[in-house]
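Spelled out from the first residue to the last, the chains are:
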Amino acid sequence: MGFSTDAIHVGQEPDPLTGSVVAPIYQTSTYVMESLDKGKGYDYARTTHPNRKALERTVAKLEGGKAAYVFTSGMAAIDAVFRLLRPGDHTVLPKAIYGGTFRLASKLLVEFGLEFSYVDTSYLGEVERAIQPSTKMIYVETPSNPTMIVTDLAAVAALARSRNLTFAVDNTFLSPYFQQPIALGAHIVIHSMTKYLNGHSDCIGGAVVLARPEDAEKLYFLQRSAGAGLAPMDCFLISRGIKTLAVRMDRHNSNGMAIAQFLEAHPKVKRVLYPGLSSHPQHEIARRQQRGFGAMITFDLGSLDAARTLLNHVHLCSLAESLGGVETLISHPASMTHSSMPPEVRKENGITDGMVRVSVGIEDVEDLIADLDQALARV
Ligand SMILES: Cc1ncc(COP(=O)(O)O)c(C=O)c1O
């Protein structure tokens, strides 16, 4: 079946008991047993529950994985992936990465003996040079948050394969509608489902999709042992959101391209980072490995003052953390999503104080352009 059909139907079969077209929310912590040796497949909601199983089936199908496990947040999902490693194991991470992932790796996981090197993953040579005898994983985020660096997934997958390393990809910015890392050779795909998969900014969730059954078994053990599996109501909301993923992403994509072109032509804007523009350094790779360019755009106004003026004068765009919802959100990476990166690391990674990040929603694009235009006039 096609992507949209799978998004609407896989895991979302009508309820066999009542015929309800939409699966009910199983808001229960525990399940009664018929006898000591017999139940109906569920025992305790930390382990799993019908809404979680349904969502996991959908996400695994859309990413082309063997299995998926859903967690209370994107960060809980990422934490679970790193727990596949052991003390002393080394991971190659991108320099340009979501601030929360950087904080988890550099401040928390190092305390438990995991080791990390940070490189520009758009240069295969840099990734290769960072590999050590203790390296077990290469982890990338593409396009990266907020610098929109694109990594060649097939090339890194081939490198990982040749060195017998696990290859994990954070696919949050594009969703499986625009990019399917497993088809390009990744072993693990991660999502902050808080973003496009849910799409309505009304709950937090994360997913890990596994291409290898042995990883799936370990992840399920981690999920039920550590207890960070996603709750029924949140699974229900994300399952509902996924049904419209394809139509939302098409609109995000066309709005994203229109706004990127508007910004690139504006005299107050110094630089626009959007993989759909031919000026983007990895535009050709993005064209090759993505089915669309998405709706995340970062642009530089040259100074903190200019960025502050713009952010304080938008009306329709909401000044807020997060991304991937139907409404347009605008943010200042240096002081918001990436504030946990020390200033010198931000500088090295090209995250300037004049940078503004937009998560373009699915409103009428003329209204968004008018809002940005009037705010830019104040800069
Ligand atoms: C690329 C990326 N990965 C992971 C996360 C973390 O997800 P969550 O906020 O759901 O924990 C985020 C959050 O912004 C993100 O942008």
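Above this text sits the structure in question.
Attention here is on the structure that accompanies the text. Note that this is a predicted model, so its numbers are computed, not measured.

1. Details of the packing of helix α3 (residues 74–82) against helix α4 (residues 99–108)
Put simply, α3 and α4 touch, their axes get as near as 11 Å, and they point 40° apart. The pairing of α3 with α4 is recorded here as oblique in orientation. In this structure, α3 crosses over α4, and the sense of that crossing is right-handed. Of α4, the residues touching α3 (which contributes M75, I78, D79 and F82) are G100, T101 and L104. For the contact of α3 with α4, the class distribution of residues is four nonpolar, two polar and one charged.

2. Quick look at the packing of helix α12 (residues 304–313) against helix α14 (residues 365–378)
The geometry of a pair of packed helices is captured by two quantities: the angle between their axes and the separation between those axes. Interhelical geometry of α12 versus α14 gives an angle of 135° and a closest axis separation of 8 Å. Judged by the angle between their axes, α12 and α14 are oblique. You can see that α12 and α14 cross each other, and the crossing is right-handed. Every residue of α14 that contacts α12 at T309, L310 and H313 is listed here: L372, Q374, A375, L376 and R378.

3. Comments concerning the site of the ligand
Around the ligand, a shell composed of 14 residues is seen, among which G74, M75, D170, S192 and T194 lie nearest. Between the ligand and M75 there is a distance of 2.9 Å, counted from an oxygen atom to a backbone nitrogen or oxygen. In this structure, K195 approaches the ligand through a side-chain N or O atom, which is 3.0 Å from an oxygen atom. Coverage of the ligand by the protein amounts to 93% of the 390 Å² it exposes when considered alone. Of the pockets mapped on this structure, the ligand occupies the second largest pocket.

4. Observations regarding the side chain of S117
Position of S117 relative to the elements: it lies in strand β3 (residues 115–119). Of the polar contacts made by the side chain of S117, one reaches the side chain of H90; its length is 2.7 Å. Those residues within four positions of S117 in sequence are excluded, and the remaining contacts are H90, T91, V92, L93, A130 and Q132.

5. A look at the sheet that holds strand β9 (residues 296–300)
The mixed open sheet is built from five strands, whose spatial order is β8-β9-β12-β11-β10. Each edge of the sheet is formed by a strand with only one pairing partner; in this case those strands are β8 (271–273) and β10 (318–319). Pairing geometry for β9 and strand β12 (residues 355–359), over five bridges, is antiparallel. From the neighbouring strand, D300 faces β12, where its bridge partner is M355.

6. Section: the sheet that holds strand β5 (residues 166–170)
Taking strand neighbours across the sheet as the criterion, the seven strands line up as β1-β7-β6-β5-β4-β2-β3 in an open arrangement whose pairing is mixed. Only two strands of the sheet have a single neighbouring strand rather than two, namely β1 (67–71) and β3. Each strand axis lies, on average, 20° off the axis of its neighbour in the sheet, ignoring direction. The sheet contact formed by strand β4 (residues 135–141) and β5 spans five bridges and is parallel. Residue M137 lies in a different strand from β5, and its bridge partner there is T166. Packed onto the sheet, helix α2 (residues 50–63) meets β1, β6 (188–192) and β7 (206–210) and runs at close to 125° relative to β1. In this fold helix α8 (residues 213–226) packs onto β1, β6 and β7, with an angle of close to 20° to the strand it touches most, β1.

7. Things to note about the packing of aromatic side chains
Tallied over the entire structure, the rule returns eight aromatic pairs. Each ring, one from F102 and one from Y118, has its centre 5.4 Å from the other, and the planes form 55°; the classification is tilted. Of this pair, F102 sits in helix α4 while Y118 sits in strand β3; the two residues are 16 residues apart in sequence, bridging distant segments of the chain. On the basis of relative accessibility, which here comes to 7%, the residue F102 falls in the buried class. Given the relative accessible area of 26%, Y118 is considered partly exposed. An aromatic cluster is defined as three or more aromatic residues linked by ring pairs; in this entry it consists of F3, Y177 and F178. Cation over ring: R224 sits above Y220, and NZ or CZ is 4.7 Å from the ring centre. Residue placement shows R291 over the ring face of Y177; its charged tip is 4.7 Å from the ring centre.

Conventions and cut-offs
- Residues numbered from 1 in each chain as written.
- Predicted model: local features only at pLDDT ≥ 70, side-chain atom pairs only at ≥ 80, totals over all residues.
- Heavy atoms only, no water.
- Axes fitted to C-alpha atoms, helices over the stretch in contact; angles between N-to-C directions.
- Helix = DSSP H or I, 4+ residues; strand = E, 2+ residues; numbered from the N terminus.
- Parallel < 35°, antiparallel > 145°, perpendicular 65-115°, else oblique.
- Left-handed = near helix turned anticlockwise from the far one by under 90°.
- Contact = heavy atoms within 4.5 Å.
- Nonpolar A, V, L, I, M, F, W, Y, C, P; charged D, E, K, R; others polar.
- Near = heavy atom within 4 Å.
- Polar contact = N/O pair within 3.5 Å; in protein donor to acceptor, adjacent residues only side chain to side chain.
- Areas by Shrake-Rupley, 256 points an atom, 1.4 Å probe, with all protein chains shown as cover.
- 1 Å grid on protein atoms, 1.4 Å probe; cavity = no way out; pocket = protein on both sides within 12 Å on 5 of 7 lines; lining within 4 Å.
- Sits in = over half its atoms within 2 Å of the grid points.
- Pairing = 2+ DSSP bridges.
- Phe/Tyr/Trp six-rings, centres within 6.5 Å; stacked < 30°, edge-to-face > 60°.
- Buried < 20%, exposed > 50% of the residue type's maximum accessible area, 1.4 Å probe, protein only.
- Lys NZ or Arg CZ within 6 Å of the ring centre and 35° of its normal.

Fair warning: the whole summary comes from geometry, so function is off the table for now.
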